[in-house]
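Listed below, chain by chain, are the residues.
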Amino acid sequence: MAGVELSGVSKRFGDVSVIDNVSLEIAQGEFVVFLGPSGCGKSTLLRLVAGLEQLDEGAILIDGNRVDNLPPGKRDVAMVFQHYALYPHMTVRDNLAFGLRNTGVSEDEIGGRIATAVEKLEIGDFLQRRPGQLSGGQKQRVAIARAIVKQPKLFLFDEPLSNLDAALRARTRIELAQLHQQLRTTMIFVTHDQVEAMTLADRIVVINERRIEQIGTPMEVYRRPATSFVASFVGTPKINLVPVTAANAGGLAAARMPDGTLLETTIPWDEALARDGATLGLRPENVRITGATQGQAPATARVVERLGERTIVYAALADGTLLTTEDRGDSTVQPGDEVGLAIDGNAAHLFAADGTGHHAGAA
Amino acid sequence: MLASQQGRRSTWDRWSGMLFVAPYLLLFVLMLVVPLVIGFRLSLTRGDLFGIREEVGFANYGRLFADPVFIQVIWNTLYFVVLTVPAFAVLGLLLALALNQQSRWAAVLRAIFFASTVLSVTVVTLIWRLVLLPEQGLAAVLANAIGAEPVAFLSSQATAMPAIAVTTIWWGIGLPMVLFLAALQQVPRDLYEAAALDGASRWRTLRSITLPSIKRTMVLVIIVEIILQFQLFGQAQLLTNGGPNNSTRPIVLFIYEAGWKQWQLGYAAAAAQILFAMIAIAAMAQYYVSSRRDAA
C-alpha cells in the first residue's frame, strides 16, 4: 500500500493554474524530495497534502484513506515550516504539547513523548524557554521535535533548512537523514536546493512550471535527466548545454558541435533528435582538460576556479562557445592558456527540441 | 590623551542627542508641563477671569470633597467608564475578528464602522437624539412595532447614562476596531497553519494563538479608551446637559460649569487636577496589571 498517493491533483488560484494534473505515488517509509525553482508549485503541492490549501481536482490518499476532504488536523500529518511557526507566547514544552493536548493525548503520554523527542534532538536545556529566546538552529530543532511528538503517518518539510547558515544546514541535513533512518516514517521534503535533494532523498520529484518533470532516485535524476530542465537544475557546476546538429552514425547518435567538432556518443539514434536541432548535455566532470594538442576539441581557458580537490575551468571553443570543464586539483592551467578538451561521449546526453532526454544504453 | 578624547566625544554625543529631541521637548514642556503646573498653581487659589484674588492652599480640594454634586459626578464618570471601556475592547475585537478578511464586503463594512468616528460630536448627538426621541424616535418606532411601551431614555435616571454610553460606543468603535485589525494582520499566517495542523479548534485557536498575539494592542486600546472616556463632555452636555437630576453629569462638565459659568477658576482647576489623577491612576493600574500578567 502506498504511503501517500496523489492522483490527478490540480490547483488554481483564481485563473492562475499552480498545479496541473499531478499524479504521484510515495511508498510507505519513503523519503521523497520535491525539487524545483521558486514558484514552480512544489510548496503548494506540499500544502495540498497538508490540507492548508484545498485542491480543485483529483484526490489525495494517505495510507489508503482519502484525506483531501479532511481538515489539516485530521490527516495525521506533521509539518515543519520554513519560518518554524513556533507559538511565540508558549514555552518550548507547551509548543510540543499543544497538538497532543488538542487531540486528547493523556498528560502522561505527552510527558513520555516529549522526553523521547527532547533526548533525540538535544533540546532539554531550553524546554522552559520561549521561542524568542532561542537561536535559529534551536528553533529548528524545536520545530522538528514538535512534529516528532505527534507520531504522524507522514512528515512534511517546507524548505526547513533555508533559514540556517551553511554549517548548521549541513549538520541538520545529516540529522534529518538519521531521523528518517530511525523513524522510518514517510517524509516529503520541499526544497530548491539540489544538494539537499540529492543527499536526503530516496526519490526526487523534480517539478517545474506546475508539473512533474521527472521522478527518480538521485542518481537516476543525475545520470538520466528526463528533460533538459532537469539536467540543468541538478548538478553543480551546471551541465553544459550546447546546441548541436545530431546525425545517425550506425544506430548511435553523433553530435556536431558549434565549433565543428564531431562527438560520437553511445546514445541510440532517434529520429526526434534530427528534427529542429538538438541540444548536447555534457557534465563538467565529463569534459576534462588535456594537453593543447590532445583531446577532441581545442579550446582556450578563460576563467580558472581552484577548489582544492579539483579545478573548474571555463574554456571557450574555437567559435567562442563557453564550456564548464574540470581538471585535477593541482592543475597549472592559467587563464588564456590553449588547452585540449577530452570529452567523454559515453556520458553525453542529447535533448530533442521538445527537451526530452536521450541517454546512452537502453532506456 | 585617548581617554580625554573619548570623554569629549561622549559629551558631544550626549549634547547632540539632546539637540535631536529638543524640538519635541520644547513643545512638550510649553504645551503640557507648563499648563499642568499653572493648573495646579491655580487650584490653590481663589479667583476669577480677572485674576487671582487670594491663595487658599488646599481649601478648594476640601470644598470639592464636601460637595455632594462633585462626589456624584465622580461616580457618574466612573460608571460611564465602566459602561464604555470594556464594551469598546470587546466589541472592537469582535468587529475586527469578523471583518479581518480579504472580501469586498468586509472592506465596505470596515469603512462603514469606521465612518462614524470622523463625525463631530454635535452630529453624533443629533443623530442619537432622533433615535432616542420618546415619541417619534427610531427606538420608539421599533418599540411600537414589537408592541412594547416606548422608553424616554434620556429623561430617566436609570437609562440616561446607558443611552449616552451607547451613543459614545457607536461614535468611537472605529478606533479600537482599526487598532485590533492592524494587530490581527500582524499575526503570522503560519502560526494559524501550524495550529490547524495541530488540530486546534476555532475557539482554541482564538484563545491560544490570536488573543496572546494581540495582547499588547488590547492593553493599548484599554488605556487609550480609559483616557478618552474619563473626559466625557460633549455627548453628556448635548444629550442631557447633565440631567436628569445630575445623573449624567461627568467631571469635565462639572469643571466647565464651575470655571466658565460660575467663574470659580480655582475650584474648577482643583477638580481638573483630581480628574488628571484619576486618569493617571486608572491607566497605570491597567498597565501594571497587564505587564505583571505578562511576566508571569
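Residues numbered from 1 in each chain as written. Chains lettered and ligands numbered in written order. Predicted model: local features only at pLDDT ≥ 70, side-chain atom pairs only at ≥ 80, totals over all residues. Heavy atoms only, no water.

Trainee: Outline the packing of aromatic side chains, listing residues and values.
Mentor: All names here are of chain A. Going through the model one piece at a time under the given rule, you end up with 12 aromatic pairs over all chains. Ring geometry for Phe31 against Phe189: centres 6.0 Å apart, planes inclined by 40°, an arrangement best described as tilted. One end of the pair, Phe31, is in strand S3 (residues 31-35); the other, Phe189, is in strand S8 (residues 186-191), with 158 residues separating them in the sequence. Owing to a relative accessible area of 0%, Phe189 belongs among the buried residues under this scheme. Both rings, one in Tyr87 and one in Phe98, keep their centres 4.8 Å apart while their planes meet at 65°; by these two values the pair is edge-to-face. Of this pair, Tyr87 sits in the loop between strand S6 (77-80) and helix H2 (92-102) while Phe98 is found in helix H2, placing the two residues 11 residues apart along the sequence. Accessibility expressed as a relative area gives 0% for Tyr87, which makes it buried. By relative accessible area, Phe98 is classed as buried at 2%. Three or more aromatic residues link up through ring pairs in this structure, and these residues are Phe31, Phe155, Phe157 and Phe189. The ring centre of Tyr87 lies 4.8 Å from the NZ or CZ of Arg146, which sits over that ring. Directly above the ring of Tyr222 sits Arg283, whose terminal nitrogen or CZ lies 4.0 Å from the centroid. (Phe/Tyr/Trp six-rings, centres within 6.5 Å; stacked < 30°, edge-to-face > 60°. Helix = DSSP H or I, 4+ residues; strand = E, 2+ residues; numbered from the N terminus. Buried < 20%, exposed > 50% of the residue type's maximum accessible area, 1.4 Å probe, protein only. Lys NZ or Arg CZ within 6 Å of the ring centre and 35° of its normal.)

Trainee: Tell me about the packing of helix H5 (residues 121-132) of chain B against helix H7 (residues 157-172) of chain B, and please be specific about residues and values.
Mentor: Residue and element names in this part refer to chain B. Closest axis-to-axis distance for the H5/H7 pair is 10 Å, and the angle between their directions is 130°. Put simply, H5 runs oblique to H7. When you trace H5 past H7, the crossing you get is right-handed. Only Ala163, Val166, Thr167, Trp170 and Trp171 of H7 make contact with H5, whose side of the interface consists of Val121, Val124, Ile127, Trp128 and Leu132. The residue inventory of the contact of H5 with H7, partitioned by class, reads nine nonpolar, one polar and no charged. (Axes fitted to C-alpha atoms, helices over the stretch in contact; angles between N-to-C directions. Parallel < 35°, antiparallel > 145°, perpendicular 65-115°, else oblique. Left-handed = near helix turned anticlockwise from the far one by under 90°. Contact = heavy atoms within 4.5 Å. Nonpolar A, V, L, I, M, F, W, Y, C, P; charged D, E, K, R; others polar.)

Trainee: Break down the domain arrangement of chain A for me, with residues and values.
Mentor: Residue and element names in this part refer to chain A. For chain A, the assigned domains are domain 1 (2-226) and domain 2 (237-358). Contacts between domain 1 and domain 2 engage five residues on the former and seven residues on the latter. When domain 1 packs against domain 2, the two sides together hide about 420 Å² of surface, and 43% of this comes from carbon and sulfur. When the area that domain 1 buries against domain 2 is broken down by residue, the three leading residues are Tyr222, Pro225 and Ala226, summing to 89%. (Domains from an automatic or database assignment. Buried area = accessible area lost by both parts, 1.4 Å probe.)

Trainee: How would you summarise the sheet that holds strand S13 (residues 262-268) of chain A if you had to cite specific residues and measurements?
Mentor: All names here are of chain A. In space, the six strands of this open sheet follow the order S13-S12-S11-S14-S20-S21, with antiparallel pairing throughout. Taken across any chain shown, the strands that pair with only one partner, and hence form the sheet edges, are S13 and strand S21 (357-358). As paired elements, strand S12 (residues 252-256) and S13 share four bridges and run antiparallel to each other. Each residue of the ladder has a partner; that of Ala254, found in S13, is Glu264. (Pairing = 2+ DSSP bridges.)

Trainee: How would you explain the sheet that holds S3(A) if you had to name every residue and give the values?
Mentor: All names here are of chain A. Read across the open sheet, the six strands follow the order S6-S7-S8-S3-S9-S10; overall the sheet is mixed. Every interior strand has two partners, whereas the edge strands, S6 and strand S10 (211-216), have only one. On average, each strand axis in the sheet is tilted by 20° relative to the strand beside it, whichever way the strands run. Looking at chain direction, strand S9 (residues 203-208) and S10 are connected through five bridges and run antiparallel. Bridged to Val206 within S10 is Gln214.

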